[in-house]
Amino acid sequence: MARPLHDDTIGVGPALRKAREHRGLTLEEAARDTRLRTDLLTALEEEAFDALLGDVYVRGALRTYAQYLGLNPDKVVAAYARHAEQPEPLPVPQKMGRIELAMAAARIRDSQKFLMGVALGLLVILLAVGLLARDNGTPPPAAIPTTAATAPPEDRAIVAILIAQRDASATVTVDGVPETFAMARGETRSFSAVDDLTIELGDGGSVQVFLNGRDLGAPGEPGQGWSDTYTFDPEVSASPAA
C-alpha cells in the first residue's frame, strides 16, 4: 500500500478539485456520474490516499476521476506514482550524551569483530571450495534463458476488488483459471487479469465489486445468483462509467 501523502501535498488533489469547481460540479454530481462514492472523491481531492483500498485502487480511481474532469489521466497517475514511491524520510538523529556515545562505540566495536569473524569464515569456505573445484574440474556454465516472462503494464490489467457485505460464496476466473472461495462479512479480496476476468456470486447482492477503480456496488439481486465476464478494452477502461 502506498504511504500516506495527505501531509505532503503533491498537487494532484488541488488539480482535481479546481477542475471540478471550474466545471461547476458538486461532489454529489461527480459521484453520480463516475459511480465513485462521495467520500472516495473527497479523499482523492484531499490526497488522503491511505484512506482508500490500496495503491491499485488509488490509481484506478485517479484515472477515472481525471478522465471525467477532462484532465490527462496518464499525467495525474504519473504525478501520484512519483510521490507514492518515495521512501519515508529518515528520523532526525537525537544528540547523544557521553553514556550513549560510549554504548554506541562499544556496539560498533562488537559489530566490527563480528564482521571480521564472518569475513574470515567466508574466506576459509571460499578457499575450500576452490580446492575442491580444482580437483573435480570446472562445471559447465548454467544456461541463461533467452526470454523472461514480464508482468503486463499496470494500465493493461483488469483489476477487481470484492468486499463481502455479508457471508458469501464466489468463483473468480482469472485468464481461464477459476478459484472458488467463501467470504466472511467485511472480507476483501483482489484479483488482476490480463485478458479476461469472470466473477460469479451465489448471492448477487452480498458482495460489493470495484472494477479498475469503479464502484459497481452489489451488482446482482439479493438471494439470486449473478455472474459477468470482463475483458480488457483500453477505450472502456479509460472512460468513466455512464
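Throughout this description, residue numbers start from 1 for each chain and increase along the sequence as written. Residues qualify for local features only when their pLDDT is at least 70, as the model is predicted, and side-chain atom pairs are given and counted only at 80 or more; totals for whole chains, interfaces and linings, by contrast, use all residues. Note that water and hydrogens are dropped before the side-chain values are worked out from all heavy atoms of the structure.

### Let's talk about the side chain of E45
The test is simple: Numbering goes from the N terminus for both helices and strands, where a helix is a DSSP run of H or I of at least four residues and a strand is a run of E of at least two. The rule is simple: take the accessible area with a 1.4 Å probe, protein chains only, and divide by the maximum for that residue type; under 20% is buried, over 50% is exposed, in between is partly exposed. Pairs of N or O atoms within 3.5 Å make up the polar contacts considered here, provided that, within protein, one atom can donate a hydrogen while the other can accept it, and that residues adjacent in sequence are counted only when both atoms are side-chain atoms. We call two residues contacting when some pair of their heavy atoms lies within 4.5 Å.
Here E45 is to be found in helix α3 (residues 38–45). According to the relative accessible area criterion, E45 is buried, its value standing at 4%. Looking at E45, its side chain comes within polar contact range of the side chain of R20, at 2.7 Å. Once residues lying within four places of it in the same chain are set aside, the contact partners of E45 are G13, P14, L16, R17, R20, L27 and Y65.

### A closer look at unusual backbone geometry
Backbone geometry places R35, a non-glycine residue, at a positive phi of 65°. Considering the arrangement of structural elements, one finds R35 in the loop between α2 (27–34) and α3. Its identity is not glycine, yet E47 carries a phi of approximately 60°, on the positive side. Inspection of the secondary structure puts E47 in the loop between α3 and α4 (55–68).

### Brief notes about the pattern of salt bridges
Selection criterion: Within this document, salt bridges are pairs made up of a side-chain nitrogen of Lys or Arg and a carboxyl oxygen of Asp or Glu, the two lying within 4 Å of each other.
Taken as a whole, this structure holds 10 salt bridges when the rule is applied. Between E45 and R17 there is a salt bridge whose closest N-O contact spans 3.6 Å. Of this pair, E45 sits in helix α3 while R17 is found in helix α1 (residues 12–22), placing the two residues 28 residues apart along the sequence. Measuring nitrogen to oxygen at the nearest pair gives 3.2 Å for the salt bridge that ties D39 to R37. Residue classification places R37 among the partly exposed residues on the basis of a relative accessible area of 35%. Several salt bridges converge on common partners, so that one network encompasses R17, R20 and E45.

### Observations regarding the nonpolar core
Applicable threshold: Here, nonpolar core means buried Ala, Val, Leu, Ile, Met, Phe, Trp, Tyr and Cys residues that are tied together by side-chain atoms lying within 4.5 Å of each other.
Ranked by size, the top nonpolar core spans 32 residues in total, and within it L44, L62 and Y65 carry the most contacts. Among the elements of the structure, α1, α2, α3, α4, α5 (73–84) and β1 (158–164) are those that each provide at least two residues to this core. Beyond its immediate stretch of four places on either side in the chain, Y65 contacts L16, R20, L27, A30, L41, L44 and E45. If you look at the next biggest cluster of nonpolar residues, it comprises 19 residues, including A170, M183, I199 and L211.

### Considering the packing of aromatic side chains
The condition that has to hold: Any two rings among Phe, Tyr and Trp, with Trp reduced to its six-membered ring, count as a pair given centres within 6.5 Å; such a pair is stacked if its planes are under 30 degrees apart, edge-to-face if over 60, and tilted if neither. In this analysis the charged atom, NZ for Lys or CZ for Arg, is taken to sit over a ring once it is within 6 Å of the ring centre and within 35 degrees of the ring normal.
Applying the stated criterion across every chain yields a total of three aromatic pairs. Note that R189 overlies the ring of F181, its terminal NZ or CZ placed 4.2 Å from the centroid.

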